[in-house]
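# Architecture at a glance
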Amino acid sequence: MKILCISDQIDPLVYSSAIKERFADIDVILSAGDLPMEYVDFVVSSLNKPAFFIFGNHNLKEFLRFHGVSHQRTERSDVGMATHCHGAAYAGFKVLKEKNLLIAGASGSLRYNNGQNQYTDRQMFFNLVKMIPRLLINKIRYGRYLDIFLTHAPPLGIHDKDDPCHRGFKSYIWFVKKFKPLYLVHGHIHLYDLQDARVSKFEQTTIINAYSHYILII
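What comes next is a walk through the structure. (Residues numbered from 1 in each chain as written. Predicted model: local features only at pLDDT ≥ 70, side-chain atom pairs only at ≥ 80, totals over all residues. Heavy atoms only, no water.)

Attention now goes to helix H3 (residues 121-129). Three- or four-residue spacings in an α-helix give side chains the same orientation, since the helix completes a turn every 3.6 residues. Burial in H3 covers these residues: Gln123, Met124, Asn127 and Leu128. The arc enclosing the buried residues of H3, seen along the axis, measures out at 140 degrees, which places them on a common side. If you follow the buried residues of H3, they end up packed against strand S7 (101-106), strand S9 (118-119), helix H4 (132-142), strand S10 (148-151) and helix H5 (170-179). (Buried < 20%, exposed > 50% of the residue type's maximum accessible area, 1.4 Å probe, protein only. Helix = DSSP H or I, 4+ residues; strand = E, 2+ residues; numbered from the N terminus. Arc of directions from axis to C-beta. Contact = heavy atoms within 4.5 Å.)

In total, this model carries 20 aromatic pairs according to the counting rule given. Ring centres of Phe169 and Tyr172 lie 4.9 Å apart, and the angle between their planes is 50 degrees; this geometry places the pair in the tilted category. Overall, the relative accessible area of 0% leaves Phe169 in the buried class. We classify Tyr172 as buried; its relative accessible area is 0%. Look at Tyr192 and Tyr211: their rings are 6.3 Å apart centre to centre, the planes differ by 75 degrees, and that puts the pair in the edge-to-face class. Taken as a pair, Tyr192 in the loop between strand S11 (183-186) and strand S12 (199-202) and Tyr211 in the loop between strand S13 (205-209) and strand S14 (212-217) lie far apart in primary sequence, 19 residues in all. When its relative accessible area of 67% is taken as the criterion, Tyr192 is described as exposed. Given the relative accessible area of 6%, Tyr211 is considered buried. (Phe/Tyr/Trp six-rings, centres within 6.5 Å; stacked < 30°, edge-to-face > 60°.)

What follows is the structure in structure tokens.
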């Protein structure tokens, strides 16, 4: 399976008239946030493949279609909330399945200025806990909890930065240790320095920064 991962930057290699030829063998599309949904729409409609997305801490014009309560509360109301947008399924704080691929997602970044879709580590932890029943069902039914954990922010200490805006979540470290995804795909961290790591290993999980675009082959 070949997966196109996109995040944070509109990539001219993707946003191109040659997208169908360049990415003809893609099976699934993952958007790790901070991209205009019109761009996601272009990618999905061009490749005509299943797609999943989450929101970051920017480009939140359609965020309230999926979250009808304040970002400052840990409770979420899913009643009447949208599940799809521009041809892609929303994976924020959900566990989804596409063919044999098990995906869990977490939107947002660590809180740094009380903006929309920002969370304290404690709030993020409780949002992750709410996914546990579905993860346990996956374990019983498929023999594993999930394959890909799709996030916007990275885990604490892996690919993150020291400034408050770009620090990662400690709760993601707990989640990875507990549910052992094969991959954690994130965005949020722009790769301006060639020395910055794009791919790292943590226990049994490969951590991938999807900035701009990245091809993941499973």
